[in-house]
There are 2 protein chains.
Amino acid sequence: MRLAELSERSGVPIATIKYYLREGLLTPGRQINARTAEYDEDHLRRLRLVRAMIQVGRVPVATVREVLGHVDDDSLPRTIRLGAALWALPQVPEPDEEDEYVRGAHEVADQLLESLGWSNAQALVTISPSYRSLVVAMAALRRLGYDWDPQLLLAYARLMHGAAVLDLDFVETHASEAEKVETAVLGAILVEPMLQALHRLAQEEESARRYGFGDQE
Amino acid sequence: MRLAELSERSGVPIATIKYYLREGLLTPGRQINARTAEYDEDHLRRLRLVRAMIQVGRVPVATVREVLGHVDDDSLPRTIRLGAALWALPQVPEPDEEDEYVRGAHEVADQLLESLGWSNAQALVTISPSYRSLVVAMAALRRLGYDWDPQLLLAYARLMHGAAVLDLDFVETHASEAEKVETAVLGAILVEPMLQALHRLAQEEESARRYGFGDQE
């Protein structure tokens, strides 16, 4: 397809596509003559991913380039390739390891991984930004004077493992290795707001089931 | 306890506590003499909640006052009181109902609630900001050229219902009606970042279980 059709099918303005091409976020089309290039379905797919990262995920252009570098890196085994692409997305800042609440949060998080039997996640604690996010969230809670019930944490973690199984089952429905990694990146940006909305809706449903709306009172 | 002890136990500076008192986010202590007031455990609990909303949730002061008004409103039945407090928290902007993607997202969301049998949530669609968030998240996805598999949505929604059951079971462990509502507000601010971190950790664990780390390749 020509640039105009790529723009129409993606909903991305031509000027924006040209900008992405200049920034190296999109590979050039196949040059037909001096003025015309031809684009294919791979370009369309990649363009949608770039736009999702920039417009919805508010990911900076330099970071998008880094994420795509990992998406396209055939030399990496799948877990590392997925991890590298996802970890290149913007993450929470490093926690202050001198802070007493951060140290306490590490203990709770490590105990949780042990109880869950998540030995792979345990092997990644020194490098995983997801583990770091968990520590930051727990430290915030403890700093506010609250503490977690370990049983409740376990139950939440098992539910989230159920979500991860769904995520990866869906990733595996895609044919090529690059598409699998692209789908995982999209999921990180687009699925989380949806899960949060579903969670709140479920709270409303469950609250009304338990306590009614109070119309009869 | 005196103001100094309230400050020490909460970790909130005295000047900040005085500011919260002036803004009506904290009820005055019991006046012992012209210069001294006495505070109790209720003050400490409320102070922690206010700080969680302002520091972690970035909730504006006027909004905190509104949320607390609902938390303290004994006249409301429980579902409405919980809903009013949670809905007073900052929410996503109203979607543009003229937008074709928003209209499409309404259809998918309504079908989802029907399939789930969430009749209480269905009764709330015209007023629930959680339903609105779901529509906004789905419309964003469709605008990017993606579509949801209804079966996958159902599976995610059922997991999030599991989380809502845990949330409300925990809320019910608290004695007073006001504490129950306070706990629900705290949960909305503090539990969601933790669930997101657990979700990402679970993805890493599951990915490594399925594909290994590639060390042997």
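Residues numbered from 1 in each chain as written. Chains lettered and ligands numbered in written order. Predicted model: local features only at pLDDT ≥ 70, side-chain atom pairs only at ≥ 80, totals over all residues. Heavy atoms only, no water.

If you check an unreviewed UniProt entry, chain A appears there as Transcriptional regulator from Streptomyces curacoi.

A. Local environment of the pattern of salt bridges. Residues and elements named next belong to chain A. Applying the stated criterion across every chain yields a total of 32 salt bridges over all chains. A salt bridge links arginine 46 to glutamate 182; the shortest N-O distance between them is 3.0 Å. On the criterion of sequence distance, the pair formed by arginine 46 in helix α3 (residues 41-56) and glutamate 182 in helix α10 (residues 177-211) is long-range, its members being 136 residues apart. For the pair shown, arginine 46 and glutamate 182 are each scored as buried. Linked by salt bridges that have partners in common, Asp42, Arg45, Arg46, Asp72 and Glu182 make up one network. (Salt bridge = Lys/Arg side-chain N within 4 Å of Asp/Glu carboxyl O. Helix = DSSP H or I, 4+ residues; strand = E, 2+ residues; numbered from the N terminus. Buried < 20%, exposed > 50% of the residue type's maximum accessible area, 1.4 Å probe, protein only.)

B. Broad picture of the nonpolar core. Ranked by internal contacts, the top residues of the largest apolar core, which has 141 residues, are A:Met53, A:Tyr156, A:Val185, B:Met53, B:Tyr156 and B:Val185. Among residues more than four places away in sequence, those in contact with A:Met53 are A:Arg58, A:Val59, A:Val64, A:Val67, A:Leu68, A:Leu89, A:Val185 and A:Ile189. (Core = buried A, V, L, I, M, F, W, Y, C linked by side-chain atoms within 4.5 Å. Contact = heavy atoms within 4.5 Å.)

C. Representation of the domain arrangement of chain A in the model. Residue and element names in this part refer to chain A. Partitioning chain A into structural domains gives domain 1 (3-75) and domain 2 (100-211). Centre-to-centre separation of domain 1 and domain 2, based on C-alpha positions: 31 Å. In this complex, domain 1 contributes 9 residues to the contact, which on the side of domain 2 involves 8 residues. Between domain 1 and domain 2 the total buried area reaches about 820 Å² when both faces are included, carbon and sulfur atoms providing 74% of it. It is Arg45, Leu49 and Val71 in domain 1 that bury the most area against domain 2; as a group they hold 58% of the surface buried on that side. The tally of links from domain 1 across to domain 2 stands at 2 salt bridges. For the interface between domain 1 and domain 2, the tally reads 2 residue pairs in polar contact (both at pLDDT 80 or more). Those elements that provide at least two residues to the side of domain 1 that touches domain 2 are α3 and α4 (61-71). Top element by residues in the side of domain 1 that touches domain 2 is α3. It accounts for 6 residues. Partitioned by chemical class, the residues of the side of domain 1 that touches domain 2 number 6 nonpolar, 1 polar and 2 charged. (Domains from an automatic or database assignment. Buried area = accessible area lost by both parts, 1.4 Å probe. Polar contact = N/O pair within 3.5 Å; in protein donor to acceptor, adjacent residues only side chain to side chain. Nonpolar A, V, L, I, M, F, W, Y, C, P; charged D, E, K, R; others polar.)

D. Summary view of the relation of the copies chain A and chain B. Structural alignment of chain A on chain B gives an RMSD of 0.0 Å, achieved by rotating through 180° and translating 0.0 Å along the axis. In symmetry terms, the pair is related by a two-fold rotation axis. Taking C-alpha positions as the reference, the residue of chain A nearest the rotation axis is A:Leu159, at 3.1 Å. (Least-squares fit on C-alpha atoms with pLDDT ≥ 70 in both.)

E. Just the interface of chain A and chain B, in detail. Each side of the interface is counted separately: chain A has 80 residues, and chain B has 80 residues. Of the roughly 7900 Å² buried between chain A and chain B, counting both surfaces, carbon and sulfur atoms make up 67%. Counting the surface chain A buries against chain B, the share from its top three residues, A:Leu144, A:Met160 and A:Phe213, is 9%. For the pair chain A and chain B, the number of links is 6 salt bridges. For A:Glu172, the salt bridge identified is with B:Arg210, shortest N-O distance 3.2 Å. When contributions to the side of chain A that touches chain B are tallied by element, the ones reaching two or more residues are α3, α5 (78-87), α6 (100-116), α7 (119-123), α8 (129-143), α9 (150-172) and α10 of chain A.

F. Just the packing of helix α1 (residues 3-10) of chain A against helix α2 (residues 14-22) of chain A, in detail. Residue and element names in this part refer to chain A. Where α1 contacts α2, the axes come no closer than 9 Å and their chain directions differ by 105°. In this view, α1 runs roughly perpendicular relative to α2, as classed from their interaxial angle. Listed contacts from α2 to Leu3, Ala4, Leu6, Ser7 and Ser10 of α1 are Ile14, Ile17 and Lys18. Here the contact of α1 with α2 is built from residues that sort into 5 nonpolar, 2 polar and 1 charged. (Axes fitted to C-alpha atoms, helices over the stretch in contact; angles between N-to-C directions. Parallel < 35°, antiparallel > 145°, perpendicular 65-115°, else oblique.)

G. Focus on the pairing of strand β1 (residues 30-33) of chain A. Residues and elements named next belong to chain A. Relative to strand β2 (residues 36-38), β1 runs antiparallel, the two being bridged by 3 bridges. In the strand pairing of β2, arginine 30 is matched with glutamate 38. The turn linking β1 back onto β2 is made up of 2 residues. (Pairing = 2+ DSSP bridges.)

H. Geometry of the environment of A:Val165. Of note, A:Val165 is situated in helix α9. Those residues in contact with A:Val165, other than ones at most four positions away along the chain, are B:Glu206 and B:Arg210.

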